[in-house]
Amino acid sequence: MISSAFGRSRPLMARYDVSPHLTKWWKAVRPDDGQVTRHLSPFEQQVMVPWLKTFPKRAYDKFSDSGPYVVVTAILVYGTAAWSDKQDELQDRSYRY
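Residues numbered from 1 in each chain as written. Predicted model: local features only at pLDDT ≥ 70, side-chain atom pairs only at ≥ 80, totals over all residues. Heavy atoms only, no water.

Student: What's the story with the overall build of the chain in this structure? I'm lost.
Tutor: When its secondary structure is counted, the chain shows 4 helices and 0 strands. Counting helices and strands in the order they occur from the N terminus, the chain gives α-α-α-α. Looking at the chain residue by residue over its 97 residues, the buried ones come to 4%. Summing over all exposed atoms, the chain offers an accessible surface of approximately 10000 Å²; the carbon and sulfur share of this is 63%. (Helix = DSSP H or I, 4+ residues; strand = E, 2+ residues; numbered from the N terminus. Buried < 20%, exposed > 50% of the residue type's maximum accessible area, 1.4 Å probe, protein only. Areas by Shrake-Rupley, 256 points an atom, 1.4 Å probe, with all protein chains shown as cover.)

Quick look at the structure:
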């Protein structure tokens, strides 16, 4: 009689490292018991080195592709701003005696 009373909770007690409400989710996951199979030291990762090696070529390619458009646009914007400031100044001074 007692064994049938705990019959439904027996599968829940199969995983001791997971909360009872998550046993269905984690039932296929096998614990690794803290064993690290692969490890890469932070000093061996070299996150920036590949970027630094390819940066000059990529920067040159990007500038040669869109550089002329950026330069011409910057010249036009600066020229328009300078011209409009000069015209505004001339208009302000035109009403003086």
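Student: I would appreciate a short explanation of the confidence of the model for the chain in the present structure.
Tutor: Should the pLDDT be low somewhere, the predicted coordinates at that spot are not to be read in detail. Mean pLDDT over the chain: 81, with 78% of residues reaching 70 or higher. Here helix α1 (residues 2–5) stands out as the element of the chain with the lowest mean pLDDT, 62, in contrast to helix α4 (residues 49–93), whose mean of 93 is the highest. (pLDDT = per-residue confidence, 0-100.)

Student: Would you take a moment to explain the pattern of salt bridges for this structure?
Tutor: As a working rule, side chains carrying opposite charge can pair if their charged atoms are close by. For the structure on display, the rule yields 2 salt bridges. Between Arg93 and Glu89 there is a salt bridge, and its shortest N-O distance comes to 3.4 Å. Linking Arg93 with Glu89, this pair stays in helix α4, spanning 4 residues, or about one helical turn. Take Arg93: its relative accessible area is 46%, and that puts it in the partly exposed class. (Salt bridge = Lys/Arg side-chain N within 4 Å of Asp/Glu carboxyl O.)

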